[in-house]
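Fold and contact review
As a plain string of letters, each chain reads:
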Amino acid sequence: MLIFTKAEGRFKEISDKYIKKSEVARVSLPIEYKGQLYREIQFNKVFLGSVRQTVNGYIYVTEDGQKVEDERDIKELSYLAYQFEVLFDDVFSGGIPKAVTEEKQLKREEKDFEKMLVALDALKAEGLEKTEKLRDAFLRLTYLKRENNKALKELIDKVNSLSNENIVFSKKILDEIMPYYRGALLKNFEKIKLIAKTKDEIDDVRSALNKKRKSLRFRISGTELMDCLNRLDYGIDYFKKVLTVYEPVLDMSDKEYIKYLDSMDRKNVEEKLSKLR
């Protein structure tokens, strides 16, 4: 659903006091806090007539269009508005539905993993010793992605059950959704930890596959194996990217990971607060 619409009426009147050139003001659906209704107003950049997702500034207003000035109230409203957008907004770039992997893609990945296993077997037959953790990852990763999809779809179903044009977001709704949200995050973390187990093998495997590819380069036969080796190289690239992106959390427990993500949420909220007007 769309959480933000163009500011009109009383919300346009207050936003006009703070809007800058080449911006448009968008107002959120209502947020309940301490028994009262509030709105977040975002000032989005406009380029060549198109509204960008880049947000240049924020203000928070009461339901009757009065600007909120209390710093503690603004901080709590900013946090609630952030979670509202992440969980409910279809347009938000980091939104939940975008994390679901389509079944068609999963089937393609399964076929790729089968070829990677053929390449691993060929390298092991020529003396490469450490391949077990990579093999286990290739065998289990698609299953874990499907499990992650299930958790994400449960979260989406929960969000959809609460979504309607009259929704008023609140901490109560956030608390109701959070177990589903954290469940999906931990399913994804399970994938990350599986890939992390391969970090001591992938460099040796890549070195061996590069030597094997070099020996096959000018041979007419072996093209099928070359394709498998290329897929394995691609798989190692993907694993390396995951290890780089998630390096700060690779050795964390589930509990530590959730705390880390909570701290990232607070950091994102602090960034919003730095753009207050």
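Residues numbered from 1 in each chain as written. Predicted model: local features only at pLDDT ≥ 70, side-chain atom pairs only at ≥ 80, totals over all residues. Heavy atoms only, no water.

Right, let's talk about the overall build of the protein chain for a bit. Along the protein chain, the regular secondary structure elements total eight helices and five strands. Each helix and strand of the protein chain, placed in order from N terminus to C terminus, yields the pattern β-α-β-β-β-β-α-α-α-α-α-α-α. Against the 2.2 N^0.38 benchmark of 19 Å for 277 residues, the protein chain shows a C-alpha radius of gyration of 24 Å, more extended than a compact globule. Buried positions account for 44% of the 277 residues belonging to the protein chain. Pairs at least 24 residues apart make up 67% of the contacts formed inside the protein chain by residues separated by at least 6 positions. (Helix = DSSP H or I, 4+ residues; strand = E, 2+ residues; numbered from the N terminus. Rg over C-alpha atoms; globule rule 2.2 N^0.38 Å. Buried < 20%, exposed > 50% of the residue type's maximum accessible area, 1.4 Å probe, protein only. Contact = heavy atoms within 4.5 Å.)

In this section: the pairing of strand β2 (residues 23-28). Along β2, six of the six residues are buried, which leaves the element largely enclosed by surrounding structure. Where burial is concerned, the two faces of β2 agree: the one with Glu23, Ala25 and Val27 and the one with Val24, Arg26 and Ser28 are both buried. Examined bridge by bridge, strand β1 (residues 4-6) and β2 share three bridges and lie antiparallel to one another. Among the inter-strand pairings, Lys6 is bridged to a residue of β2, identified as Arg26. Judged from the five bridges that link them, β2 and strand β4 (residues 36-47) form a sheet pairing that is antiparallel. (Pairing = 2+ DSSP bridges.)

Here the focus is the packing of helix α2 (residues 71-88) against helix α5 (residues 171-196). One way to put it is that α2 packs onto α5 with a least axis distance of 11 Å and a crossing angle of 50°. Between α2 and α5, the angle falls in the class oblique. As for how α2 packs across α5, the hand of that crossing is left-handed. Within the contact between the two elements, α2 uses Tyr79, Leu80, Gln83, Val86, Leu87 and Phe88 and α5 uses Lys171, Ile173, Leu174, Ile177 and Tyr181. Class assignment for the residues of the contact of α2 with α5 results in nine nonpolar, one polar and one charged. (Axes fitted to C-alpha atoms, helices over the stretch in contact; angles between N-to-C directions. Parallel < 35°, antiparallel > 145°, perpendicular 65-115°, else oblique. Left-handed = near helix turned anticlockwise from the far one by under 90°. Nonpolar A, V, L, I, M, F, W, Y, C, P; charged D, E, K, R; others polar.)

Evaluated as defined, the whole model comprises 29 salt bridges. Of the charged contacts, one joins Glu63 and Arg39 as a salt bridge, the two residues approaching to 2.8 Å between their closest N and O atoms. Of the two residues, Glu63 is situated in the loop between β5 (50-62) and α2 and Arg39 in strand β4; the sequence distance between them amounts to 24 residues. Exposure remark for Glu63: the relative accessible area of 23% places this residue in the partly exposed category. Salt-bridge contacts for Lys115 lead to Asp227; the nearest nitrogen and oxygen are separated by 2.8 Å. Of this pair, Lys115 sits in helix α3 (residues 103-125) while Asp227 sits in helix α7 (residues 223-245), placing them 112 residues apart in sequence. A residue is classified by how much of its surface remains accessible, and Asp227, at 26% relative accessible area, is partly exposed. Each of Asp112, Lys115, Asp227 and Arg231 takes part in one network of salt bridges that share partners. (Salt bridge = Lys/Arg side-chain N within 4 Å of Asp/Glu carboxyl O.)

This part is about α3. Helix length check: α3, at 23 residues, gives a terminal C-alpha distance of 33 Å against a target of 33 Å (1.5 Å per residue), a fit within 8%. Along its buried surface, α3 packs onto α4 (132-162), α6 (202-216) and α7. In the segment just after α3, Gly127 is the residue with positive phi, at about 115°. (Expected span 1.5 Å × (residues − 1).)

Classification of Arg39 as buried rests on a relative accessible area of 13%. Side-chain polar atoms of Arg39 contact the backbone oxygen of Ser28, separated by 2.9 Å. Leaving out residues up to four positions away in the same chain, Arg39 has contacts with Arg10, Phe11, Val27, Ser28, Leu29, Pro30, Ile59, Tyr60, Val61 and Glu63. (Polar contact = N/O pair within 3.5 Å; in protein donor to acceptor, adjacent residues only side chain to side chain.)

Counting 36 residues, the largest nonpolar core has Phe84, Phe88, Phe169 and Ile177 as the members making the most contacts within it. Among the secondary structure elements, those contributing two or more residues to this core are β3 (31-33), β5, α2, α4, α5 and α8 (254-273). What Phe88 contacts, discounting residues up to four positions off in sequence, is Met1, Ile3, Val159, Leu162, Ser163, Ile167, Phe169, Ile173 and Ile177. The next biggest cluster of nonpolar side chains, apart from the first, holds 34 residues, and it includes Ala119, Ala137, Leu243 and Val249. (Core = buried A, V, L, I, M, F, W, Y, C linked by side-chain atoms within 4.5 Å.)

To continue, consider the packing of aromatic side chains. Under the definition given, this model contains eight aromatic pairs. Ring geometry for Phe113 against Phe138: centres 5.6 Å apart, planes inclined by 20°, an arrangement best described as stacked. One end of the pair, Phe113, is in helix α3; the other, Phe138, is in helix α4, and 25 residues separate them in sequence. Here the aromatic cluster, defined as three or more aromatic residues joined through ring pairs, consists of Phe113, Phe138, Tyr238 and Phe239. (Phe/Tyr/Trp six-rings, centres within 6.5 Å; stacked < 30°, edge-to-face > 60°.)

Quick look at α7 now. For α7, built from 23 residues, the straight-helix expectation of 33 Å at 1.5 Å per residue is met to within 8% by its first-to-last C-alpha distance of 33 Å. Looking at α7, one finds that the buried residues are Met226, Cys228, Leu229, Leu232, Asp233, Gly235, Ile236, Phe239, Val242 and Leu243. Buried residues in α7 make contact with α3, α4, α5 and α6.

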